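# Architecture at a glance
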Amino acid sequence: MTAIQRLPDLLISQIAAGEVVDRPASALKELLENALDAGSSTIQIQLEEGGVKLIRVSDDGAGIARDELALALTRHATSKIGSLEDLERVGTLGFRGEALASVAGVARVTLTSRRRTAIDDHGERGKHGDGSAAAHAWRLSAEPGAAPEPAALLAGTVVEMRDLYYNTPARRKFLKSDATEFAHCAEAVKRIALAHPEVAFTLSHNGRVSLHLKKSDARGRVGAILGDDFLAESRPLDVRAGALRVTGFCALPAYSRARNDAQYCYVNGRFVRDKLLLHALREAYQDQLHGSRYPAYCVFLTIDPATVDVNVHPQKTEVRFRDARAVHQFVFHAVQRLLGSPLATTASAAAQPAPWTEQSRWPQGPTDPSAPASGESSYGARLPYQGSLHVGEPRPPGTAGSANAYLAFVGTAQPPADSLPGTLADPPAPETGGPPLGYALAQLHGVYILAQNSQGLVVVDMHAAHERILYEKLKLALADQQVATQALLIPAVFSAAAVDVATAEEHADALQQLGFELAPLGPRQLAVRRVPALLQGADPASLARSLLGELREHGVSQLLTARRNEFLASMACHGAVRARRLLSIAEMNALLRQMEETERGDQCNHGRPTWTQLSMAELDRHFLRGR
């Protein structure tokens, strides 16, 4: 080993650049953060060859004074912090004072700037003959010994970085293709632009504009970057608790993606990849995601800067919270409540729009005092039955049902025969402001429920919908330790392996807690005498076999704690109404009403959608009406 020695400043900057500037996108991110901290309202980015040959960032911010240009290129020089107190409450994006110096250590950098205050004061100074120094901008190269020279610039700052890693060719070999590097640069611009909708961004590559974002509000910027389909499939979020506030948009689980490329999380306007926040958001979606899918969201957390440390990562993509558990629980519950809001609640919330909320897609109820009272339709008949769904035995087609069942169902106060729309098989059209899922019309192949609401046609997967309803009720019952049970008039006897019989005897108390009563009838037979009331429509033997298998594989403690929800989801799947089961109009409407009151009713337990809406406009376009 050689003797200890002080490293040259150039080598120190190159080492620092290895932490801060690992590719062109990293350099671009640092330059954009400086431009935003300068109060810019318009930022233009020009790239060549993926940012390796050229990165030019032009802004209209406050600018840099002539005497400070050289200082801006030195390490640990910044205008954003001056004491430890400032560091503990840092509210700017860039604050270390290393970005320009690090970039200058591995690229050819030129600064051109003109202070906005100099422009504002120039006319007054010129009257006194001392404003010549403010009459133009100044340019400074990062080359050793360079001095500022006059330049032409209207306002703001232009940072030009050329030939990245020209003096460290070994580092340049690790860069990817121009297209890949440009994709990373474009993503860096999008991440920053999402948090600053009040700033206009223009990104061009090799002389061609690839992204142009006008000044907008938060919703408009999210739509411009993530797409209108994301907005259409998301719910606005705005929750405040003391000094904590979380806003943004969370896509419904049905909009989940195969990759985590649509997850944007911000803390005080800074994009982060914080494990704590990512875990909170993932857990909020956990009960509704299908398989290994990833949720999509754009979430902004606002917190007191004194309670978060942003100086724990060289690239500032991670943060540390003083009260991490409180932040985790706040974000988790805020997003979980948003996604778990029943359809009826979502519809009623549309009357109270907030800064981050939108009008619900469901129309509101009638406000006319002369409108029918709740529980009555515009035809004077009572609205469909809203009790529990009890699926009966399937009826063969052509038996009593259809029109007669509907008329017998809606009530005795029927409108005159000549006032009924169409035939008796057509239920009255729901008035504006009816239930979100409308009223049932018929079944399609015993699989889907067809209903109409004020917007058009609603198609419901009856098994998936009933599965979610049962699942949520089972969770609530088990949490309250009040699982209602139903004794079987005739016990269901089935053949079982010896290990199953032993498991039933060993875990009799746990089975009773779950609402099951199993009794051995012999060395290879079990009888199911009692099942949860919510699952009385399911096959008792099938339920028992599934339950015993879960007990053998995971044990009682896991089944009642970590794997409880998975077990309940499996039970709900067994108990849900099956395909090809014919439902009466009454049962279909009861299912729709329960869907509207059930949390997370938009998706089944496996993350699949339970219903979809076809608007009248979509149907008209399909059938070319109005053309």
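Please refer to the structure higher up on the page.
Overview of the structure. Since the structure is predicted, the reported quantities are computational estimates derived from the model, not experimental observations.

### Structural notes on the pattern of salt bridges
In this structure the tally under the stated criterion is 21 salt bridges. Ionic pairing is found between R600 and E599, a salt bridge with its closest N-O pair at 3.1 Å. Look at E599 and you get partly exposed, because its relative accessible area is 39%.

### Concerning helix 12 (residues 324–340)
With 17 residues, helix 12 should cover 24 Å at 1.5 Å per step; its first-to-last C-alpha distance of 24 Å lies within 8% of that length. The complete set of buried residues in helix 12 reads V327, H328, F330, V331, F332, A334, V335, L338, L339 and G340. Looking at the buried positions of helix 12, the neighbouring elements they touch are strand 9 (234–241), strand 10 (244–251), helix 11 (275–285), strand 13 (297–302) and strand 15 (320–321).

### Focus on the packing of aromatic side chains
Applying the stated rule across the entire model yields five aromatic pairs. Between F230 and Y255, the aromatic rings sit 5.9 Å apart at their centres with planes inclined by 65°, giving edge-to-face as the arrangement. Here F230 is found in helix 10 (residues 228–232), whereas its partner Y255 is found in the loop between strand 10 and strand 11 (263–267), with 25 residues between them in sequence. A cation sits over an aromatic face here: R66 above W138, 4.5 Å from the ring centre. For R108, the ring lying beneath its charged end belongs to Y166, and the centroid distance is 3.9 Å.

### Let's talk about the sheet that holds strand 21 (residues 525–532)
Strand order in the open sheet formed by three strands is 19-21-20, and the pairing between neighbours is antiparallel. Because the sheet does not close on itself, it has two edges, and the strands there are strand 19 (485–495) and strand 20 (517–522). Adjacent strand axes in the sheet meet at a mean angle of 20°, parallel and antiparallel pairs treated alike. Pairing analysis gives seven bridges linking strand 19 to strand 21, with the strands arranged antiparallel.

### Observations concerning unusual backbone geometry
Unusually for a residue other than glycine, E49 sits at a positive phi of about 55°. Assignment of secondary structure puts E49 in the loop between strand 1 (42–48) and strand 2 (54–59). A residue is classified by how much of its surface remains accessible, and E49, at 33% relative accessible area, is partly exposed. Of note, Y165 is a non-glycine position whose phi angle comes to about 60°, a positive value. Summarising the element assignment, Y165 is placed in the loop between strand 6 (156–162) and helix 7 (169–172).

### Looking at the environment of V222
Within the fold, V222 resides in helix 9 (residues 218–226). V222 sits 32 residues away from K190 along the chain, and the two C-alpha atoms are 9.7 Å apart. Setting aside anything within four residues of it in sequence, one finds V222 in contact with L194, G227, F230, L231, F249 and C298.

### Brief notes about the sheet that holds strand 11
One open sheet holds the five strands; their spatial order is 9-10-13-11-12, and the pairing between them is mixed. Sheet topology places strand 9 and strand 12 (270–271) at the edges, where each strand pairs with a single neighbour. For strand 10 and strand 13, the ladder comprises six bridges, and the chain directions are antiparallel. Counterpart to C250 in the pairing with strand 13 is Y297. Sheet strands in contact with helix 8 (residues 178–195) are strand 11, strand 12 and strand 13, and its direction is about 55° off that of strand 11.

### As for helix 20 (residues 585–597)
The first and last C-alpha atoms of helix 20 sit 19 Å apart over 13 residues, in line with the 18 Å expected at 1.5 Å per residue. Counting buried residues along helix 20, 12 of its 13 residues qualify, which places the element largely inside the surrounding structure. Among the residues of helix 20, I585, A586, E587, M588, N589, A590, L591, L592, R593, Q594, M595 and E596 are the ones counted as buried.

### Observations concerning the packing of helix 2 (residues 24–37) against helix 5 (residues 99–106)
Axis separation between helix 2 and helix 5 bottoms out at 10 Å; the angle between their running directions is 145°. For the element pair helix 2 and helix 5, the recorded crossing hand is left-handed. Of helix 5, the residues touching helix 2 (which contributes A27, E30, L31 and N34) are A99, L100 and V103. In the contact of helix 2 with helix 5, the residues fall into five nonpolar, one polar and one charged.

### Digging into the nonpolar core
Judged by nonpolar contacts, the single largest core of 62 residues is most densely connected at I43, I45 and F201. When residues in this core are grouped by element, the largest group, nine residues, is from helix 8.

### Regarding the environment of F182
Along the chain, F182 falls in helix 8. Distance from F182 to H205, taken between C-alpha atoms, is 7.8 Å for residues 23 residues apart in sequence. Setting aside anything within four residues of it in sequence, one finds F182 in contact with L47, G50, L203, H205 and S210.

Criteria and cut-off values
- Residues numbered from 1 in each chain as written.
- Predicted model: local features only at pLDDT ≥ 70, side-chain atom pairs only at ≥ 80, totals over all residues.
- Heavy atoms only, no water.
- Salt bridge = Lys/Arg side-chain N within 4 Å of Asp/Glu carboxyl O.
- Buried < 20%, exposed > 50% of the residue type's maximum accessible area, 1.4 Å probe, protein only.
- Helix = DSSP H or I, 4+ residues; strand = E, 2+ residues; numbered from the N terminus.
- Expected span 1.5 Å × (residues − 1).
- Contact = heavy atoms within 4.5 Å.
- Phe/Tyr/Trp six-rings, centres within 6.5 Å; stacked < 30°, edge-to-face > 60°.
- Lys NZ or Arg CZ within 6 Å of the ring centre and 35° of its normal.
- Pairing = 2+ DSSP bridges.
- Axes fitted to C-alpha atoms, helices over the stretch in contact; angles between N-to-C directions.
- Left-handed = near helix turned anticlockwise from the far one by under 90°.
- Nonpolar A, V, L, I, M, F, W, Y, C, P; charged D, E, K, R; others polar.
- Core = buried A, V, L, I, M, F, W, Y, C linked by side-chain atoms within 4.5 Å.

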